[in-house]
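Coordinate inspection notes
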Amino acid sequence: MSKKYIGLIALAVVSVGLYFIVPTINDQQDNNQLTSISDTTTMVAEIIPEPTLLYGMPVDSMLVIEDKIKRNQNISEILAAHNVPTEAIFKLAAMSRDIFDVRKLAANKKYTLICDQDSLKTAKAFVYEQSPIEYVVFNLRDSISIQKHQKEVQIMEKGVSGTIQSSLSVTMSELGLPVQLTNDFVDVFAWQLDFFRLQRGDKFKVIYEDKLVDGQSVGIGDIKAIYFEHFGNDYYAYAFDQGEGVDYFDENGNSLRKALLRYPLEFSRISSRYSGNRYHPVQKRWKAHRGTDFAAPKGTPIRSVGDGIIVEAQFKKYNGNYVKIRHNSTYTTQYLHMSKIASGIKPGMKVRQNQTIGYVGSTGLATGNHLCYRFWKNGVQIDALQVDLPPSEPIEKEMMARYDTEKAEWKNKLDLIQFTEKEPVLATIK
């Protein structure tokens, strides 16, 4: 075979090989390019920032206006200033009644407007914070809608100690503790201790739940355990739920509660005690005072000390606005000089323990804002602060083992708290 013929064959083979090899190389290059593009796309997707959400709504391209409700200000005034038509405002007000009545916007409550970033600043949403936990969203975008929401609440367990120099309320205030904690503390031991006659040097430790929203305290939950040292005597209280709600018990499982509350107001000041002979500040003469006077600011809620039936709810010349409640066949209580009787309180109505029945005032024969609290046992008026009522039910036998276990845990936590004048010393998120 001639060299020329062999050369032609070799050239043909090479050409055929290149025909198959070149597309393969091109395919590999294309795949590499696709892979590179895919990787680039992935990288771009990963660096796109998350949208900024406020009350669950994206606000990156929106104008956010925060303010507080002014006295006598209404929603119409707020929304009209941000280009919301009158018809839309009326529709919103009508739709919201079953969720939140917009006529009840309260002064100094926070609100937020989410608006377009244009010259008109048209409102697209109005958010009203009814409480530190609850808020209402009025959506004004394509279609009007109203929704009620709750912020996430964290429960932090806190413990604190204190030594009384003047009063429990002053000591707790100096420790930066909420007033509600003082009130709840007093309610737990109201039948074991007279908190109006504490002595200097009395000590306490308390473990309680602090409710946090966005890291800020918005209220307290249950008191979990208390130690109180009074006149050298030790008193303990432990929270325990037997299936009907939290109650408080001593070391032996006896209830610290009574059928009736000791005080008709959350912790205040006694301005005059029950007496057989007291100089009357209005009548300017000596006479029996068959009640206990609690001094408190006008409008302070007055609570029923127990379940019962309203016997009287009216105004009289000397009593002013007053309410009388029959709790059972043995006990009756009366609450005088109210600034007003609570809405719906009328004779024949059933009331529950701790229910608001009226508000402190100075109506009738009174010189200043206070509540005169009267108490009857078997038809005879007696000193409400001296009556000894039967306790509530103790720990049930089948619950005692679990109670003893929980009590030991709380006792250990109380023992860890040192007597200091500092801020709360225990803090664990639940």
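Scroll up a little and you will see the structure.
Here is a short report on the structure shown in this document.

**Details of the nonpolar core**
With 56 residues, the main nonpolar core has Phe 185 and Phe 195 as its most contacted residues. For this core, the element with the highest residue contribution is helix α5 (residues 179-189), accounting for five residues. If we skip the residues at most four places from it in the chain, Phe 195 touches Leu 168, Phe 185, Val 186, Phe 189, Ala 190, Phe 228, Tyr 263 and Phe 267. If you look at the next biggest cluster of nonpolar residues, it comprises 23 residues, including Leu 79, Val 102, Leu 105 and Ala 123.

**Overview of the layout of surface pockets**
By volume, the largest pocket is sized at about 970 Å³. For the largest pocket, the lining is made up of 38 residues, of which Glu 244, Val 246, Asp 247, Arg 257 and Gln 353 are closest to its centre. Elements supplying a minimum of two residues to the lining of the largest pocket: α5, β10 (216-230), β11 (233-241) and β12 (246-249). Grouping the constituent residues of the lining of the largest pocket by class yields 14 nonpolar, nine polar and 15 charged.

**Focus on the sheet that holds strand β5 (residues 123-128)**
Overall, antiparallel pairing links the five strands, which are arranged β3-β4-β5-β6-β7 in an open sheet. The open sheet has two edge strands with one neighbour each: β3 (62-68) and β7 (145-150). Shown here is a sheet whose adjacent strand axes are inclined to one another by a mean of 20 degrees, direction ignored. Looking at chain direction, strand β4 (residues 110-116) and β5 are connected through five bridges and run antiparallel. Considered in β5, the bridge of Ile 114 is made with Ala 125. Contacts from helix α3 (residues 86-96) reach β6 (134-139) and β7 within the one sheet, and its direction differs from that of β7 by about 50 degrees.

**With respect to the pattern of salt bridges**
Throughout the structure, instances matching the rule amount to 15 salt bridges. With its nearest N and O atoms 2.7 Å apart, the salt bridge here joins Asp 101 to Arg 103. Salt-bridge contacts for Asp 415 lead to Lys 411; the nearest nitrogen and oxygen are separated by 3.1 Å. With Asp 415 and Lys 411 both in helix α6 (residues 400-416) and four residues apart, this pair spans about one turn of that helix. Asp 415 sits in the partly exposed class, given a relative accessible area of 40%. In this structure, a network of salt bridges that share partners links the residues Glu 66, Lys 110, Glu 129 and Lys 151.

**A short note on α5**
For α5, a buried count of eight out of 11 residues is recorded, marking the element as mostly surrounded by other parts of the structure. Burial in α5 covers these residues: Leu 181, Thr 182, Asn 183, Phe 185, Val 186, Asp 187, Val 188 and Phe 189. Buried-residue contacts for α5 involve α4 (168-174), β9 (203-213), β10, β11, β12 and β17 (301-303).

**With respect to the side chain of Lys 205**
Relative to the elements of secondary structure, Lys 205 occurs in strand β9. Buried and unpaired, Lys 205 has Asp 415 as its nearest opposite-charge partner, separated by 5.0 Å. In this structure the side chain of Lys 205 is engaged in a polar contact, spanning 3.2 Å, whose partner is the backbone oxygen of Leu 414. If we ignore the near neighbours within four places in the chain, the residues touching Lys 205 are Val 160, Ser 161, Ala 225, Ile 226, Tyr 227, Leu 414, Asp 415, Ile 417 and Phe 419.

Conventions we followed
Residues numbered from 1 in each chain as written. Predicted model: local features only at pLDDT ≥ 70, side-chain atom pairs only at ≥ 80, totals over all residues. Heavy atoms only, no water. Core = buried A, V, L, I, M, F, W, Y, C linked by side-chain atoms within 4.5 Å. Buried < 20%, exposed > 50% of the residue type's maximum accessible area, 1.4 Å probe, protein only. Helix = DSSP H or I, 4+ residues; strand = E, 2+ residues; numbered from the N terminus. Contact = heavy atoms within 4.5 Å. 1 Å grid on protein atoms, 1.4 Å probe; cavity = no way out; pocket = protein on both sides within 12 Å on 5 of 7 lines; lining within 4 Å. Points joined across faces, edges and corners; volume = space filled by probe spheres on them. Nonpolar A, V, L, I, M, F, W, Y, C, P; charged D, E, K, R; others polar. Pairing = 2+ DSSP bridges. Axes fitted to C-alpha atoms, helices over the stretch in contact; angles between N-to-C directions. Salt bridge = Lys/Arg side-chain N within 4 Å of Asp/Glu carboxyl O. Lys, Arg positive; Asp, Glu negative; His and termini not counted. Polar contact = N/O pair within 3.5 Å; in protein donor to acceptor, adjacent residues only side chain to side chain.

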